[in-house]
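# Structural overview
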Amino acid sequence: MSPRLRLSILDAMQKSTGLTSGQAMRETIALAQYAEELGYHRYWIVEHHATPFEANPAPEVFAMALAGATRSIRVGVGGVLLNHYSPYKAAECMRTLGVMFPGRIDAGFGRARTGTLADTALRRLRGCEVPDDQEEQIREVIGWLSHQLDADSPFRAIRIMPDEPAGPTPWILAASEESALRAARYGIPLAFSAFIAPGIAAPAVAAYRRAFVPSRYAAGVSEPALITAVRVIVAETKEEAEYLAMPVRAVFKLRREQNILLETWPTPEEAIALLGGMVPAEEADWPAYLVGTPRQVRSTIERMSAQTGVTEFMLQEFLPTLSLRKRQYHLIAREML
């Protein structure tokens, strides 16, 4: 494995059966500390709402605890679902994190629907539809982070902590070529969710590179910066990895195809019953799940890197215990870092 490759972690903070949300959050801190020891580059946490098996819906708050409990690993809010919020308030949260932990915070911005009821609950005005204005939202939040609002902005008279440097680094979270091109237009880094849209990951990354222009914003970058996020389940044997991957396969297949959101995370046996049998590891160039031994997963990531030129991969797993999660990241680190 070339030493230029970096590995990072994307944590959905799922609760194992029997764990409270508080216990799951404390386990997340322990895992981040362990990942730092192993040499992982970043530790990002996601924003989801009304998901019963996930511990924390407020990553911009929890990131403060996570950064405070670690020393060097970059901590990311991966990310802020900007379609629900004021860019000003989102930037205030990210600026606060960046000032408290200079040089260690990544601010990921995306959009997602969380379900009709939760989407409505998140709104300040609940009697009207929210427009699809992600382009304007992104431009404004980057302006706040950079102390560079547009010349025609009605908010140019105010700034967020103007006595502190610009930042933290904004990232676009993308699962489409459209979002990748938005990152390129503003000259900011791109984190592509290949587990959501594996078939378009390589074309979207290529489009980002072609369209990239150096950022005019102080918080932006001068050359393309990329992460590809993949779902990975690793064990010492392929058979064990396939078995451990069954719960995440069942949860997301049921949600995607039947709009069923399970109340608790299933065991492997329950997942096998829900799906009517075992699902083998995919052989595709860009699988939705990278399942297998450390060497098998390394081979797939190396192929993805060779196809795209991406040199940082963010790994997301859904394993039921802290010990299994630590074992996975230890096995991968021993093989690849």
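Refer to the structure presented above.
### Observations concerning the packing of helix α2 (residues 59-68) against helix α3 (residues 87-100)
The interhelical angle for the contact between α2 and α3, taken along N-to-C directions, is 5 degrees, at an axis separation of 10 Å. Considering the angle they form, α2 stands roughly parallel to α3. Contact with α2, carried on its side by Glu-60, Ala-63 and Met-64, involves Cys-93, Met-94, Thr-96, Leu-97 and Met-100 of α3 and no other residues of that element. Taken together, the residues that form the contact of α2 with α3 break down as six nonpolar, one polar and one charged.

### Let's talk about the pairing of strand β1 (residues 6-11)
When you tally the buried positions in β1, you get five out of six residues, the bulk of the element. Here β1 runs beside strand β9 (residues 312-316); their pairing, made up of four bridges, is parallel. Along β9, the bridge assignment pairs Arg-6 with Glu-312. Here β1 pairs with strand β2 (residues 42-45) via three bridges, running parallel. If you follow Ile-9 over to β2, its bridge partner there is Tyr-43. Once you follow β1 into helix α1 (residues 21-38) and on to β2, the crossover reads as right-handed.

### Description of the side chain of Arg-95
By secondary structure assignment, the location of Arg-95 is in helix α3. Buried charge without a partner: Arg-95 forms no salt bridge, and the closest opposite charge is Asp-163, 6.0 Å away.

### Details of the packing of aromatic side chains
Tallying each qualifying case throughout the model produces nine aromatic pairs. Each ring, one from Trp-44 and one from Trp-171, has its centre 5.5 Å from the other, and the planes form 80 degrees; the classification is edge-to-face. Separated by 127 residues along the polypeptide, Trp-44 in strand β2 and Trp-171 in strand β5 (residues 169-174) bring together distant segments of the chain. When sorted by exposure, Trp-44 lands in the same class as Trp-171, which is buried. With a centroid separation of 5.2 Å and an interplanar angle of 15 degrees, the aromatic rings of Trp-265 and Phe-318 are classed as stacked. Taken together, the residues Trp-265 in the loop between α8 (238-258) and α9 (268-275) and Phe-318 in the loop between β9 and α11 (322-336) connect sequence positions 53 residues apart. Of the residues examined, Trp-265 reaches a relative accessible area of 5% and is grouped as buried. In this structure Phe-318 comes out as buried when scored by relative accessible area, which is 2%.

### Brief notes about the pairing of strand β3 (residues 74-81)
Burial of β3 is extensive: eight of the eight residues sit out of reach of the surface. For the handedness criterion, the β-α-β arrangement of β2, α2 and β3 is classed as right-handed. Here β3 runs beside strand β4 (residues 105-110); their pairing, made up of six bridges, is parallel. Bridge pairing in β4 links Val-75 to Ile-105. On the question of chirality, the crossover connecting β3 to the parallel β4 by way of α3 is right-handed.

### A look at the packing of α1 against α11
Direction vectors running N to C along α1 and α11 enclose 15 degrees, while the axes themselves pass 10 Å from each other. Relative to α11, the element α1 is oriented roughly parallel. Where α1 crosses over α11, the handedness of that crossing is right-handed. Here α1 contributes Glu-27, Ala-30, Leu-31, Tyr-34 and Leu-38 to the contact with α11, which in turn contributes Leu-322, Arg-325, Lys-326, Tyr-329, His-330 and Ala-333. Its residues assigned to classes, the contact of α1 with α11 comprises seven nonpolar, one polar and three charged.

About the criteria used
By convention here, each chain's residues receive numbers from 1 onward along its written sequence. Note on the predicted model: pLDDT of at least 70 is required for a residue's local features to be given, and 80 or more for side-chain atom pairs to be given and counted; whole-chain, interface and lining totals, by contrast, use all residues. Only hydrogens and water are removed before side-chain values are computed, so all heavy atoms of the structure are retained for them. Helix axes are fitted to C-alpha atoms over the stretch in contact, other axes to C-alpha atoms as well, and angles between N-to-C directions run from 0 to 180 degrees. Helix numbering and strand numbering both begin at the N terminus, where a helix is a DSSP run of H or I of at least 4 residues and a strand a DSSP run of E of at least 2. If an angle is under 35 degrees, it is roughly parallel; if it is over 145, roughly antiparallel; if it lies from 65 to 115, roughly perpendicular; otherwise it is oblique. For this analysis, residues touch if any pair of their heavy atoms sits within 4.5 Å. All residues other than Ala, Val, Leu, Ile, Met, Phe, Trp, Tyr, Cys, Pro, Asp, Glu, Lys and Arg, Gly among them, are scored as polar; the first ten of these are nonpolar and the last four charged. Think of it in three bands: residues with accessible area under 20% of the maximum for their type are buried, residues over 50% are exposed, and the middle band is partly exposed, with areas taken using a 1.4 Å probe on protein chains only. Two strands are said to pair when DSSP picks up at least two bridges between them. Note on handedness: a crossover is taken as right-handed if, strands pointing away from the viewer, the path from the first strand over the helix to the second is clockwise. Lys and Arg are tallied as positive, Asp and Glu as negative. Neither His nor the chain termini are counted. One speaks of a salt bridge when a side-chain nitrogen belonging to Lys or Arg is within 4 Å of a carboxyl oxygen belonging to Asp or Glu. Between the rings of Phe, Tyr and Trp (Trp by its six-membered ring), a pair exists once the centres lie within 6.5 Å; its type follows the angle of the planes, with under 30 degrees stacked, over 60 edge-to-face, and the other angles tilted. When the near helix sits turned anticlockwise from the far one by under a right angle, the crossing is termed left-handed; a clockwise turn instead gives a right-handed crossing.

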